[in-house]
Amino acid sequence: MTFARHDYDAVIVGAGGAGLFAALELGRAGAKAAVLSKLYAVRSHTGAAQGGICAALGNREPDKPLWHMFDTVKGGDYLVDQDAAEIMCEEAPGVVFDLEHMGVPFNRTDDGKIDQRPFGGHTRNFGEAPVRRACYAADRTGAMILHTLYQQCLRAGVEFYDEFFVTDLAFAGETVAGVVAHDVRAGELHSFRAPAVALATGGWGRLFRVTSNAYANTGDGAALALRAGIPLQDMEFYQFHPTGLHGLGILVSEAARGEGGILRNDAGERFMERYAPRLLDLAPRDMVSRAVYQELQTGRGLGGADYVGLDLTHLDAEVLDKKIPEITDFARIYLGVEPKEEMIPVAPTAHYAMGGVPTTVDGEVTRDEEATVVPGLYAAGEVACVSVHGANRLGTNSLLDILVFGRRVGRAIAEFVRGGKGPAWPAEALEGRREKVARWRDTAGGPAVAELRADMQEAMEAGVSVYRTAESTAAAREAVGGLLTAYGDVGVGDAAAAFSTELLEAFEVGNLLALAYVTAASAHRRTESRGAHSREDFAARDDARWLNHTLCYLRDGELEFRAKPVTITRFEPKPREY
Amino acid sequence: MAPAVEFRVTRYDPAADEQPRLVSYEVEVAAADRVLDGLEYIKRRLDPSVAFRRSCAHGVCGSDALVINGTVRLACKTLLQDLEPPLLVEPLATFPVIRDLVVDLTSFFEATRRVRPWLEAGEPIPEREFLQTPAELTAFAEGTKCILCASCVTACPVVKRGTPYIGPAAVVQGHRFVNDSRDVGAEARLRILAAADGAGACENFFECTKVCPRGILVTKRINEIKAMLQAGGYVKGDAADG
């Protein structure tokens, strides 16, 4: 059997904001780059980002990158690598202007500048009061950035392989040689030889049953790295966004609170006054999610149900129509709620992975606590952990992260590939995958992929949610471990070659299970509470023991943990109050 | 037990089937379920081989436009309670079927690319942002809502009839850029849209506007392009009336 072979300077895996910006930089530098995505490029989940992208432009009031950096470090509960956060906040204005020059339709001030609005945890002068820092295009900022980057990639002649699912990284020794990819449409494996590979596959919200994330968010890139013996960093830090549409988990942007929205309990009380007296509803997400959770635990949900109310009824109709039109529409369509007249029922929803594939500030993937670089392998965006978000990400810093570091990865690869063609294609890289797919198709009566996924989501929701304990995380780890074993016997009944989504989901569920296992185990190990990781049995932050990053390896089913130091440059850890 | 709704879904495997066929499924539904939830139920519980595209599941990624009870809609934005059962779920009719509900959108993306759908910013590029007033933003903002789901193309009677036409989505893409105060590429785009299969091929059936899941006034924008083509002398006086 023959297979299609391709030869590139660089392969970008994933076509969201990070992947497209990296590809665009490579296109601008004249390198031959291919973007592989399991979706059509414009379907990526960057398009679901709503509220904005922060940058200290100072268009509405004085602002400084240093204040932005401080907020990012404090928001991340001091687990942030401060050298990376400084780069991100310093480069933020330049990235926003770059995007604006490419065509992003930002909302404007009356004098034609990019408008800015407040967002959770973003303050002036080191925590004094909320600051207008978020640049936005209504409440579809991510979609506008995604489409704009896609458009400019088309203009630059970037080559796209739509609906190609990357199944394996290929190595020659320790050095990257390319990737193996499954062409979904034809049902065939392809080899892509390249001296540089960038992982830009986004997050893994599908670990959980209720999530704001797309079906596609299955952490494929992180699982690729893990299988290649690379550790994942800080996986216990998973963000639950406080305002998902009740029952569905669809995101209701923090922009709703940035524009003046208020969270209320059954008594109509603005309960954030008790949890974050200064920033109130614009406190960081980990705090607001815990507050909502506690309100629900004590029976103060609306009508005693498992949601609180997001009150927008006091806002001008024009604000809803012009600045947050999409989310008001979501409430109408999916819940039959008119936000101009009644509160939107919301509850925490699994949203964002702070952890991921460890990288340097140029996106080079590293393999240990000394940050030893894996030659030729890069990562950027949610899949990566650079780490600018530490233990908890601030709103709008996700778009900023993927674009700053996507661009840096593109520039770093353009430099790297001047060094030559890289190793020859290792023949065995593709054979193993072909045999596995054939075995799946020949297996009858194995466990169904959909059931493994449902059981995993249930275990993760029960054990590794907003609050965790030693018992809950151990139970999740054991349950997922059992599912991982069962996955070894999985069968894919769909014999048709073309567009087998059953096969695609078999790949995806394998990836999710590996990440769930590492997440539960990492959450079990960290016996403190920091940022989004809240241990009921260890309620305090413990800097003496835990001011370090978790590295978790998974080799032949065995977990191994190491601690990696946090880079602290400007801001010493302090108690985190808002 | 939850109430059941019958879904009749187009199944087609080009390697095995001569013709597409309809297969019936009993789907248990909850009150606020969407059509996509029903398809996921089928895939999870009844037949894992049924093929359809989906991703974000809330109407922003553009993956799951389907013909549902005869009308083009996004499966994730259509509630079951708003439809008469049984449900008929078919692929987008104007494109070749790859399998089941999955169609080949190559021609769709090629058509939109023809209008050079990218900003060509005028020199000099400022150090900070281009200044653009809220009114200048409004002039093109609606077109930026397009998610390239291809609903409008499938609903268009001109396309269905086989008349050469670049399609409503491509004209909307053109509209978005030629009306952007930062753009200097209008002339090339308008020349493309002035061709025989360009905006002038639209006959004002308004079907595109009716089905657009993003609420874009597609036909109105097409007519604005027709007017620009006339005013700019790209087409002769009567051509735009179609």
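Engineer: Any chance you could explain the overall build of chain A here in plain terms?
Structural biologist: On a plain count of helices and strands, chain A comes out with 16 helices and 24 strands. Here the C-alpha radius of gyration of chain A, 23 Å, is about what a compact globule of 578 residues would show, namely 25 Å. A principal-axis box enclosing the C-alpha atoms of chain A has dimensions of 65 × 50 × 50 Å. Residue burial in chain A is summarised as follows: out of 578 residues, 69% are buried. Across chain A, every contact between residues at least 6 apart in sequence was considered, and the portion connecting residues at least 24 apart equals 75%. When the accessible area of chain A is evaluated, it comes to approximately 17900 Å², of which 48% is carbon and sulfur surface. A gap of 3 Å separates the mean positions of the 60 positive and 80 negative side-chain charges of chain A.

Engineer: Can you walk me through the interface of chain A and chain B in this structure?
Structural biologist: A common way to express how large an interface is: the accessible area buried when the components associate. On the side of chain B, 64 residues touch chain A, which itself brings 53 residues to the contact. Roughly 4900 Å² of surface becomes buried between chain A and chain B when both sides are summed, with 53% attributable to carbon and sulfur atoms. The interface formed by chain A and chain B holds six salt bridges in total. Notably, a salt bridge pairs Asp 104 of chain B with Arg 185 of chain A, separated by 3.0 Å at the nearest N-O pair. Applying the counting criterion to the chain A and chain B interface returns 31 residue pairs in polar contact (both at pLDDT 80 or more).

Engineer: Would you mind showing me how to read helix H13 (residues 449-463) of chain A here?
Structural biologist: Quick reminder: α-helices carry 3.6 residues per turn. Residues three or four places apart thus point the same way. Under the 1.5 Å per step criterion, the end-to-end length of H13 of chain A is 21 Å for 15 residues, consistent within 8% with the ideal 21 Å. Inspection of H13 of chain A places Val 449, Ala 450, Leu 452, Arg 453, Met 456, Gln 457, Ala 459, Met 460 and Gly 463 of chain A among the buried residues, and these make up the whole buried set. On its buried face, H13 of chain A is in contact with strand S21 (467-468), helix H14 (470-487) and helix H15 (501-525) of chain A together with helix H1 (35-46) of chain B.

Engineer: Honestly, the layout of surface pockets in this entry has me stumped. Any pointers?
Structural biologist: Unoccupied space between atoms shows up once a probe the size of one water molecule is rolled over them. Quantified by volume, the second largest pocket comes out at close to 880 Å³. Lining the second largest pocket are 38 residues, with Asn 107, Ala 138, Asp 321, Lys 322 and Lys 323 of chain A positioned closest to its centre. Of all the secondary-structure elements, those providing two or more residues to the lining of the second largest pocket are helix H9 (317-322) and helix H10 (325-335) of chain A together with helix H3 (134-141) of chain B. By residue class, the composition of the lining of the second largest pocket is 13 nonpolar, eight polar and 17 charged.

Engineer: Before we go on, may I ask you to explain the packing of H14 of chain A against H15 of chain A in this structure?
Structural biologist: Residues and elements named next belong to chain A. Closest axis-to-axis distance for the H14/H15 pair is 8 Å, and the angle between their directions is 150 degrees. Classified by the angle their axes make, H14 and H15 are roughly antiparallel. In this structure, the crossing between H14 and H15 has a hand that is left-handed. Touching Ala 470, Thr 473, Ala 474, Ala 476, Arg 477, Val 480, Gly 481, Leu 483, Leu 484 and Tyr 487 of H14 are Ala 506, Phe 507, Val 509, Gly 510, Leu 513, Ala 514, Ala 516, Tyr 517, Ala 520, Ala 521, Ala 523 and His 524, all from H15. Residue composition of the contact of H14 with H15, grouped by class: 17 nonpolar, four polar and one charged.

Engineer: What's the story with the domain arrangement of chain A in this structure? I'm lost.
Structural biologist: Residues and elements named next belong to chain A. With domains assigned, chain A is organised as domain 1 (241-348) and domain 2 (426-565). The C-alpha centroid of domain 2 is placed 31 Å from the C-alpha centroid of domain 1. Of the roughly 460 Å² buried between domain 1 and domain 2 on both sides combined, carbon and sulfur atoms contribute 64%. A per-residue breakdown of the area domain 1 buries against domain 2 is headed by Asp 286, Arg 290 and Tyr 293, which together make up 80% of the total. Inspection of the region where domain 1 meets domain 2 yields zero salt bridges. Ranked by the residues each element gives to the side of domain 1 that touches domain 2, the list is headed by helix H8 (residues 285-297), at five residues. Looking at the side of domain 1 that touches domain 2 residue by residue, the classes come out as two nonpolar, two polar and two charged.

Engineer: Please explain the sheet that holds strand S23 (residues 548-555) of chain A as it appears in this structure.
Structural biologist: Residue and element names in this part refer to chain A. Taking strand neighbours across the sheet as the criterion, the three strands line up as S12-S23-S24 in an open arrangement whose pairing is antiparallel. Sheet topology places strand S12 (232-233) and strand S24 (558-565) at the edges, where each strand pairs with a single neighbour. Sheet topology places S12 next to S23; two bridges connect them, and they run antiparallel. From the neighbouring strand, Leu 232 faces S23, where its bridge partner is Cys 552.

Engineer: So what exactly am I meant to see when it comes to the nonpolar core here?
Structural biologist: Soluble globular proteins tend to bury their nonpolar side chains together. Within the largest apolar cluster, 138 residues are counted, with the highest numbers of intra-cluster contacts made by Ile 53, Leu 99 and Phe 405 of chain A together with Phe 7 and Leu 39 of chain B. Take this core: its biggest share by element is eleven residues, from helix H3 (residues 82-102) of chain A. Both domains that furnish three or more residues to this core are identified here as domain 1 (4-103) and domain 2 (106-241) of chain B. Those residues in contact with Phe 405 of chain A, other than ones at most four positions away along the chain, are Ala 84, Ile 87, Met 88, Val 361, Ala 380, Val 386 and Val 388 of chain A. Among the nonpolar cores identified, the runner-up in size contains 77 residues, and Phe 171, Met 235, Leu 504 and Val 509 of chain A belong to it.

Engineer: How should helix H1 (residues 17-28) of chain A be read in this particular structure?
Structural biologist: Residues and elements named next belong to chain A. The terminal C-alpha atoms of H1, which comprises twelve residues, lie 16 Å apart, in line with the 16 Å expected from a rise of 1.5 Å per residue. Counting buried positions over the twelve residues of H1 gives ten, a clear majority of the element. Residues Gly 17, Ala 18, Gly 19, Leu 20, Phe 21, Ala 22, Ala 23, Leu 24, Glu 25 and Leu 26 constitute the buried set of H1. On its buried side, H1 packs onto strand S2 (10-13), strand S3 (33-37), H3, helix H4 (141-156), strand S7 (159-162) and helix H11 (397-416). In the segment just after H1, Gly 30 is the residue with positive phi, at about 80 degrees.

Engineer: Would you take a moment to explain the pairing of strand S15 (residues 308-311) of chain A for this structure?
Structural biologist: Remember that side chains alternate between the two faces of the sheet whenever the strand is regular. Residues and elements named next belong to chain A. Because side chains alternate across S15, one face comprises the buried residues Val 308 and Leu 310, and the other comprises Gly 309 and Asp 311, equally buried. Bridge analysis of strand S14 (residues 262-264) against S15 gives three bridges, and the strand direction is antiparallel. Within the sheet, the bridge partner assigned to Ile 262 lies in S15 and is Asp 311. Direction of pairing for S15 relative to strand S16 (residues 344-353): antiparallel, over a ladder of three bridges. In the sheet register, Gly 309 faces S16, and the bridge partner there is Pro 345.

Engineer: Hey, could you run me through the pairing of S24 of chain A in this one?
Structural biologist: Residue and element names in this part refer to chain A. Here eight bridges tie S23 to S24, and the two strands are oriented antiparallel to one another. Paired with Asn 548 across the two strands is Pro 565, which belongs to S24. Hairpin connection between S23 and S24: a loop of two residues separates the two successive antiparallel strands, and Asp 556 in this loop has a positive phi of roughly 50 degrees.

Engineer: Whenever I open this one, the side chain of Thr 366 of chain A confuses me. Can you help?
Structural biologist: Residue and element names in this part refer to chain A. Structurally, Thr 366 is set in strand S18 (residues 364-366). Look at Thr 366 and you get buried, because its relative accessible area is 1%. Setting aside its immediate chain neighbours within four residues, Thr 366 contacts Ile 230, Pro 231, Pro 358, Thr 359, Thr 360, Ala 371, Thr 372, Val 373, Val 374 and Lys 564.

Engineer: Please clarify how the domain arrangement of chain B should be interpreted in this entry.
Structural biologist: Residue and element names in this part refer to chain B. In terms of domain boundaries, chain B breaks down into domain 1 (4-103) and domain 2 (106-241). Listed by partner, the interface residues are 14 residues for domain 1 and 15 residues for domain 2. Summed over both partners, the interface of domain 1 with domain 2 buries about 1000 Å², with 67% contributed by carbon and sulfur atoms. Among the residues of domain 1 in contact with domain 2, Val 72, Thr 94 and Phe 95 are the three that bury the most area, contributing 47% of the side total. Applying the counting rule to domain 1 against domain 2 returns zero salt bridges.

Engineer: Where do I start with the packing of aromatic side chains in this structure?
Structural biologist: Think of a pair of aromatic rings as described by two things: how far the centres are apart, and how the planes are tilted against each other in angle. Tallied over the full model, the rule gives 22 aromatic pairs over all chains. Where Trp 440 of chain A meets Phe 507 of chain A, the ring centres are 5.5 Å apart and the plane angle is 50 degrees; that geometry is what we call tilted. Linking Trp 440 of chain A in helix H12 (residues 428-442) with Phe 507 of chain A in helix H15, this pair joins segments that are 67 residues apart in sequence. The residues Trp 440 of chain A and Phe 507 of chain A share a single accessibility class, namely buried. Taken together, a centroid distance of 5.3 Å and an interplanar angle of 75 degrees make the contact between Phe 108 of chain B and Phe 109 of chain B edge-to-face. On the accessibility criterion, Phe 108 of chain B (3% relative accessible area) is buried. Chaining the aromatic ring pairs together yields one cluster made of Tyr 8, Tyr 161, Phe 164 and Phe 192 of chain A. For the cation-ring pair, Lys 74 of chain A lies above Tyr 578 of chain A, with the distance from its terminal atom to the ring centre recorded as 4.2 Å.

Calculation criteria
- Residues numbered from 1 in each chain as written.
- Chains lettered and ligands numbered in written order.
- Predicted model: local features only at pLDDT ≥ 70, side-chain atom pairs only at ≥ 80, totals over all residues.
- Heavy atoms only, no water.
- Helix = DSSP H or I, 4+ residues; strand = E, 2+ residues; numbered from the N terminus.
- Rg over C-alpha atoms; globule rule 2.2 N^0.38 Å.
- Buried < 20%, exposed > 50% of the residue type's maximum accessible area, 1.4 Å probe, protein only.
- Contact = heavy atoms within 4.5 Å.
- Areas by Shrake-Rupley, 256 points an atom, 1.4 Å probe, with all protein chains shown as cover.
- Lys, Arg positive; Asp, Glu negative; His and termini not counted.
- Charge placed at Lys NZ, Arg CZ, Asp CG, Glu CD.
- Buried area = accessible area lost by both parts, 1.4 Å probe.
- Salt bridge = Lys/Arg side-chain N within 4 Å of Asp/Glu carboxyl O.
- Polar contact = N/O pair within 3.5 Å; in protein donor to acceptor, adjacent residues only side chain to side chain.
- Expected span 1.5 Å × (residues − 1).
- 1 Å grid on protein atoms, 1.4 Å probe; cavity = no way out; pocket = protein on both sides within 12 Å on 5 of 7 lines; lining within 4 Å.
- Points joined across faces, edges and corners; volume = space filled by probe spheres on them.
- Nonpolar A, V, L, I, M, F, W, Y, C, P; charged D, E, K, R; others polar.
- Axes fitted to C-alpha atoms, helices over the stretch in contact; angles between N-to-C directions.
- Parallel < 35°, antiparallel > 145°, perpendicular 65-115°, else oblique.
- Left-handed = near helix turned anticlockwise from the far one by under 90°.
- Domains from an automatic or database assignment.
- Pairing = 2+ DSSP bridges.
- Core = buried A, V, L, I, M, F, W, Y, C linked by side-chain atoms within 4.5 Å.
- Phe/Tyr/Trp six-rings, centres within 6.5 Å; stacked < 30°, edge-to-face > 60°.
- Lys NZ or Arg CZ within 6 Å of the ring centre and 35° of its normal.

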